[in-house]
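Coordinates in review
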Amino acid sequence: MTRNNFLAATALGVTLAVSGQSLAARADGSAFVIEGLPAVPGAVAEATAPDAFAFEIRAPGRPSARPAPRPVALDPEASSPALVEAASLPVPEPVAPAGPRLAGLGAVAPEAQAARPLWTRTGMLDLTFGRDLDEGTGWSEGRAAFFAQGPVGDGWTLTASADSGGRPLDELLDGLTGTERRDALARLRAAPGAPDFGDGSALLHPGGRDGRLFARIARDDSHLTFGQSRVSLADGDLIRAERSIYGLSGRHATETGSVEGFASREDALPETDLFDATGGASYRLAHRDVLPGTVQLSVERRDETGRLIERRQLVEGLDYSVNHAQGHVLLGRPLMGQVGRALFSDESDEITLRADYARPADGIDDLSTGLRARQEIGGGLSLGATALDEETGDARMRVAGVDATLEAAPGLRLTAELARSEGSGRAFNRSSDGGLSFSTEASGAPGTEATAWSLGAEADLAPLAGTEGTASAWVERREAGFAGTGAAEPETLTRAGAEVEVAVTEATRLGFGAESVERGTERRRELRLDLAQRIDPATELRVGLERETLSGGGQNGTRSDAALRVERRVGGATAHLFAEGTLAAEGDLDRYHRYGAGLSGALTDRLSAEAELGFGSAGTGLEAGLSYARDDGEVYLRHRIVGDATDDIAGHGLVLGQRRDIGDDWSIFAEQDLLLGGAGDGHGQSYGLT
């Protein structure tokens, strides 16, 4: 309806309370003068209300101009450093905690803060009624929002919030209870996670991120929450429950254990995208219109068999930012794989970026529940149990497991985990080009029941044997269809191995490794021996032998390989030469050889590089990354060339990006992705303002 000729009436109510005292407000021009604050000469502070209403908080009868800052001195008598007024002015009653406080009101002693708990409450109700004089029809719209936080006794703090957003009055409550596709435009303005400030301040979001009703009561590491929250129930690799939910979640923690869980009835679909590290910072999710607050990123490092070695959880606003409407993720730094660090080329670890998020969907009403308990028994032993029950569309998955950790001795840690899943799991999206294209790792068959278990040991040899070195051993089995991490295993997987590295002398290290992997009908066994000898403080020589046996899967045979690598430290960088090849081969396994050079580390104060160029029977290959740090940002380049057995170039991969700061609050970024040959051609562009 076009409202060219209409009448409208708007009513706006706003309330603000600090330290349990409601503060009166009256309209005064384009601002609001908040009465009830102590009359302190020159006291003034500014705050911004939601959606561009300008607020001024000041003592009544005083001018609003900001006074010149008064000198402050460090109080030597305070138990912790505190700023106090140097001028001989009376210190008013505290109305805000030390740190983020109303400017000019002076400092609050720590003991005074503890003696007077603070409550903060604010709310608004905006109602608009109108009538179209041409068509004779009426309309109405409005917005309701509130936030409250404060102590409720015995160390517990209550936080509650809700924001309906602007919408027709008959849909006002819809914004407090669910997400709809009509809210997609509102999500364009989703706030970033945690922007930086020049004075060390931080913008916090203690309430809900998406406007729906939120309530949380918390003390120390325990809490009970209703609303949007992030849950993480398991630490191992057999069961993974890290997601964003809207529902009930809680945690009760003691000095020796914890119990935590969640229950959620969702109107959104969970998704998981797996990205190979491209050397860039820009990654495109498989879906657009991502719900704010649901994106969780983690970086995983796995060996060539897929065994998890390390996982790091990233923090939104610090490590990455999200454009929810476009489904775009921007990392704070480019993510690059490990270049030229393994003695044998087939032993390089894989770096993967995992994105878990949710997207809105019509007609979805899924129930998900989870519970985990962990308790330290004594003697270094701790036991845990995890249970999950998840609905995703028409599919349902149940997972239950137990785990144990034993600190058997100083430097010796033993782990065990057993899990069972029932259901098909979820399909994952995988991309090797930053999101230009995706392949789907399909879910399993409905009703599939499967079991998985793992045992592990890690040892520091110094306290155990008096010799510098490390040792580890593992064995793991996952039946076909097991879906404890979300995706179903396509085939039964069994892997076992052991690694030992010992310092023979101050300049000599000796390493040994053995590994066995069975996947379906394929079987692979490997033995490794390597020696590292430091020639001088800047130079090291590494020599390795490897014997590999394959059976099933169309390849049967045995091959013995050798590798040589020389590394030399040059300033802040390390240069290396390498050569590897086959000593003997039997059966279906082909001989190969490879040689080349590489460089990694800081070349100058601003320029760093990770590069390796190789030649041989597999063709020409290049993996290179450059990063140049500017005073106001960073420029980075990553180039990958893949060859084939005829030394022809089979594929190019190029990533070129730049990030530049604009003032203290904004930065611009741009990234180009180019793929030629290989699995297919592709070109991507990402640019924006953050």
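All values reported here derive from a predicted model rather than from experimental measurement.

Attention now goes to empty space enclosed by the protein. According to the stated counting rule, one finds 8 cavities of 30 Å³ or more in the structure shown. The calculated volume of the largest cavity comes to roughly 310 Å³. Along the walls of the largest cavity sit 24 residues, with Arg 243, Ser 244, Pro 270, Glu 390 and Arg 426 positioned nearest its centre. Residue composition of the lining of the largest cavity, grouped by class: 7 nonpolar, 6 polar and 11 charged.

Strand pairs in the sheet, formed through backbone hydrogen bonds, run parallel or antiparallel to each other. Spatial ordering of the open sheet is given by β20-β19-β23-β17-β28-β29, a layout of 6 strands whose pairing is mixed. At either margin of the open sheet sits one strand with a lone partner, and together these are β20 (308-313) and β29 (439-441). Within the sheet, the average angular offset between the axes of one strand and its neighbour, ignoring direction, is 25°. Bridging between strand β19 (residues 296-302) and strand β23 (residues 350-360) involves 7 bridges; their strand directions are antiparallel. When the sheet's bridge partners are listed, Val 299 is paired in β23 with Leu 353.

A few words now on the sheet that holds strand β22 (residues 328-331). On the basis of which strands lie adjacent, the open sheet formed by 3 strands has the order β18-β22-β21 and antiparallel pairing. Sheet topology places β18 (282-284) and β21 (320-323) at the edges, where each strand pairs with a single neighbour. Taking each pair of neighbouring strands and ignoring which way they run, the sheet shows an average axis angle of 20°. Looking at chain direction, β21 and β22 are connected through 4 bridges and run antiparallel. By the bridge assignment for β22, Asn 323 is matched with His 328.

This part takes up the pairing of strand β37 (residues 572-587). For strand β36 (residues 557-570) and β37, the ladder comprises 14 bridges, and the chain directions are antiparallel. Within the sheet, the bridge partner assigned to Leu 564 lies in β37 and is Ala 579. Hairpin geometry of β36 and β37 is characterised by an intervening segment of 1 residue between the two adjacent antiparallel strands and by a positive phi of about 65° at Gly 571. Taken together, the 10 bridges between β37 and strand β38 (residues 593-602) define a ladder with antiparallel strand orientation. By the bridge assignment, Leu 577 is partnered in β38 with Ala 597.

Let's shift gears to the confidence of the model for the protein. Averaged over all residues, the pLDDT of the protein is 77; the fraction at 70 or higher stands at 74%. Confidence over residues 24-115 falls short of pLDDT 50; this stretch has 112 contacts with residues more than four positions distant or in other chains. Long-range and interchain partners of residues 187-197, a stretch whose pLDDT sits below 50, account for 30 contacts in this model, where long-range means more than four residues apart.

How each quantity is defined
- Residues numbered from 1 in each chain as written.
- Predicted model: local features only at pLDDT ≥ 70, side-chain atom pairs only at ≥ 80, totals over all residues.
- Heavy atoms only, no water.
- 1 Å grid on protein atoms, 1.4 Å probe; cavity = no way out; pocket = protein on both sides within 12 Å on 5 of 7 lines; lining within 4 Å.
- Points joined across faces, edges and corners; volume = space filled by probe spheres on them.
- Nonpolar A, V, L, I, M, F, W, Y, C, P; charged D, E, K, R; others polar.
- Pairing = 2+ DSSP bridges.
- Helix = DSSP H or I, 4+ residues; strand = E, 2+ residues; numbered from the N terminus.
- Axes fitted to C-alpha atoms, helices over the stretch in contact; angles between N-to-C directions.
- pLDDT = per-residue confidence, 0-100.
- Contact = heavy atoms within 4.5 Å.

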